[in-house]
Amino acid sequence: MKHRYLNACDTKDVEVIRQCFAPGDVRIDFGPLGSFSDRDSFVDLFQRLACNDRVIDLHHGSNPEIQLESENEASARWALYYFNQDRETNATMQLGGQYRDRYRRIEGQWFIVETEFDRFSVVEREG
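This part takes up unusual backbone geometry. Trans peptide bonds make up most of the peptide bonds, and negative phi angles are found at most residues other than glycine. The phi dihedral of Lys-12 is positive, around 60°, even though this residue is not glycine. Phi angles above zero are rare outside glycine, and Asn-63 is one such case at about 55°. With respect to the helices and strands, Asn-63 occurs in strand S3 (residues 55–70).

This is how it looks when you write it as structure tokens:
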């Protein structure tokens, strides 16, 4: 499910992004990007920032440590390497960090109910 989310971010498939998060109350904390208590607020921000031809995003999740806590609850830690390019200015940004997630299975489908991202490093280059 996390890979589906990261791939949807790269392809700018906002409906798949929305479907990765549980309906109703969730906790999304992406630090300087903002905190959100429902999936629609986060998807709205994503659409404004990333859903245009100017922005190229690459999200690479790796080193997953997933713990099944019960039949319907899980937690995970993921490393993230992120690359962003602005096609108009050619500015780039690379960042690395870590997600801490909680998942819940609802009616047979897994959803993200909490996600927090800690940025460890960032490198920016002007175009």
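Under the counting rule described, the total for this entry stands at twelve salt bridges. The partner of Asp-101 in a salt bridge is Lys-2, and the shortest N-O contact between them spans 2.8 Å. Of this pair, Asp-101 sits in strand S5 (residues 92–106) while Lys-2 sits in helix H1 (residues 2–11), and the two are 99 residues apart along the sequence. For the pair shown, Asp-101 and Lys-2 are each scored as buried. Among the ionic pairs, Glu-116 bridges to Arg-27, the shortest N-O distance being 3.2 Å. Taken together, the residues span a long stretch of sequence, with Glu-116 in strand S6 (residues 109–125) and Arg-27 in strand S1 (residues 25–29) at a distance of 89 residues.

Its boundaries defined by the atoms lining it, the largest pocket holds a volume of some 630 Å³. Considering the residues around the largest pocket, the lining is formed by 25 residues, among which Leu-33, His-59, Tyr-82, Met-93 and Leu-95 are closest to the centre. Those elements that provide at least two residues to the lining of the largest pocket are H1, helix H3 (39–50), S3, strand S4 (73–86), S5 and S6. Across the lining of the largest pocket, the residue classes tally to 17 nonpolar, four polar and four charged.

What follows concerns the sheet that holds S3. Pairing within the open sheet is mixed, and its six strands lie in the order S2-S1-S6-S5-S4-S3. Pairing within the sheet leaves two strands with one partner each, and these edge strands are strand S2 (35–38) and S3. Within the sheet, the average angular offset between the axes of one strand and its neighbour, ignoring direction, is 15°. Pairing of S1 with S6 involves three bridges; the strand directions are parallel. Following the sheet pairing, Ile-28 is matched in S6 by Thr-115.

What counts as what
Residues numbered from 1 in each chain as written. Predicted model: local features only at pLDDT ≥ 70, side-chain atom pairs only at ≥ 80, totals over all residues. Heavy atoms only, no water. Helix = DSSP H or I, 4+ residues; strand = E, 2+ residues; numbered from the N terminus. Salt bridge = Lys/Arg side-chain N within 4 Å of Asp/Glu carboxyl O. Buried < 20%, exposed > 50% of the residue type's maximum accessible area, 1.4 Å probe, protein only. 1 Å grid on protein atoms, 1.4 Å probe; cavity = no way out; pocket = protein on both sides within 12 Å on 5 of 7 lines; lining within 4 Å. Points joined across faces, edges and corners; volume = space filled by probe spheres on them. Nonpolar A, V, L, I, M, F, W, Y, C, P; charged D, E, K, R; others polar. Pairing = 2+ DSSP bridges. Axes fitted to C-alpha atoms, helices over the stretch in contact; angles between N-to-C directions.

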